[in-house]
Amino acid sequence: MARLSIVLPSYNEQQNIARTHQTLQDILTQAGIEYELIFISDGSKDGTYEEIKRIAARDPNVKGAEFSRNFGKEAAIFAGLNLALGDAVIVMDCDLQHPPKMIPEMWKLWQEGYEVVEGVKNSRGKESLFHKLAAGGFYRLMSRMMHIDMAATSDYKLLDRKVVNVLLDLTERNTFFRALSFWAGFRSTKIYYDVQERAFGESKWSFGSLMRYAISNVTSFSTIPLQMVTVLGVVSIIFSLILAVQTLVRFLLGDSVEGFTTVILLILIIGGFIMLSLGIIGHYLARIYEEVKGRPRYIIRETTGDIRGNVNGR
Ligand code: UDP
Ligand code: MG
């Protein structure tokens, strides 16, 4: 019989684990789906992993792993995909903000032959206005660059074993899970859901971490910023040609522009352009540097029971 794996990245979610486990157990048993729950504790500082161990000891359908430190949600998702044995895998947040009642429906779509079932947000739930605007802007930008409509997508999705294997075979380290399922292709469909409110704890995202996430995602998925450097160069060459002709003409006519103001302004503007361009190139250089080093994406410190799969995320 086909089996479903559910991957739940968890970072400091001690209070959520038991409740999430209970909710999922109820829903999956009722729907008659054979399943396993894989909790990946992303180097949590509270008792998240102890909680996972406690539940795994009682319930054979639960397994878990603990990272040696916080590696981020992407790493936790990939560790989960690596440990999953199911014929289909669902990735969802373990704070129940992704409504688990959609699971039977996703499972049904998978049985009908869809290989990817994308969870699409109807509403973004409770967020600050600033967060909404920033996320909206980021997704519009990403959608333009990648030619994929990202606005409503989330990490809540079901993947067929074939798709999971494709993602696991990727050698890159800076992944963007949300977009990779589009990139991989396959027969996909969408399912709409409303983001629930978080019951315990708080969102792990600060403004700084969101910015870093955004930049690393853009640079790992698109080279358009690099092309923008070229555009910037072309624009300033055209500008300087016009200015050069104007300056020469005025010099020959005997009324050349004088004073330092022009010179200083030009140096400042061009200096700004150059440094901005170097910064953009630097981001890509950093990506290449990280990829070339080939360090593991995550390191697993401990697992519940005997788990098959590699433990150092290569
Ligand atoms: N998470 C993680 N590692 C991190 C940050 C978050 O595994 O470094 C997990 C977290 O436990 C949760 C999911 O990712 O299950 C989404 O995080 P959160 O609820 O904080 O984000 P939000 O729902 O506010 O986007
Ligand atoms: Mg959440």
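Residues numbered from 1 in each chain as written. Chains lettered and ligands numbered in written order. Predicted model: local features only at pLDDT ≥ 70, side-chain atom pairs only at ≥ 80, totals over all residues. Heavy atoms only, no water.

Caption draft 1: Looking closely at the side chain of Asp160. Inspection of the secondary structure puts Asp160 in strand 6 (residues 153-160). A distance of 2.6 Å separates polar atoms of two side chains, one belonging to Asp160 and the other to Trp110. In this structure, Asp160 is in contact with Asp87, Ala88, Trp110 and Glu115, ignoring residues within four places of it in sequence. (Helix = DSSP H or I, 4+ residues; strand = E, 2+ residues; numbered from the N terminus. Polar contact = N/O pair within 3.5 Å; in protein donor to acceptor, adjacent residues only side chain to side chain. Contact = heavy atoms within 4.5 Å.)

Caption draft 2: A look at the packing of helix 1 (residues 14-31) against helix 2 (residues 48-58). With their axes 8 Å apart at the nearest point, helix 1 and helix 2 run at an angle of 25° to one another. Accordingly, the angle class assigned to the pair helix 1 and helix 2 is roughly parallel. Handedness of the helix 1/helix 2 crossing: right-handed. Where helix 1 abuts helix 2, its residues Gln14, Ile17, Ala18 and His21 lie against Thr48, Glu51, Ile52, Arg54 and Ile55. Partitioning the contact of helix 1 with helix 2 into residue classes produces four nonpolar, three polar and two charged. (Axes fitted to C-alpha atoms, helices over the stretch in contact; angles between N-to-C directions. Parallel < 35°, antiparallel > 145°, perpendicular 65-115°, else oblique. Left-handed = near helix turned anticlockwise from the far one by under 90°. Nonpolar A, V, L, I, M, F, W, Y, C, P; charged D, E, K, R; others polar.)

Caption draft 3: Here's a closer look at the site of ligand 1. Inspection of the region around ligand 1 gives 16 residues, with Glu13, Asp42, Asp95, Gln97 and Ser203 positioned closest. A distance of 2.6 Å is found between a nitrogen atom of ligand 1 and a side-chain nitrogen or oxygen belonging to Asp42. Contact distances for ligand 1 include 2.6 Å between an oxygen atom and a side-chain N or O atom of Gln97. Computed on the free molecule, ligand 1 has an accessible area of 530 Å², of which 86% lies beneath the protein chains in the complex. Grouping the amino acids of the shell around ligand 1 by side-chain chemistry returns four nonpolar, five polar and seven charged. (Near = heavy atom within 4 Å. Areas by Shrake-Rupley, 256 points an atom, 1.4 Å probe, with all protein chains shown as cover.)

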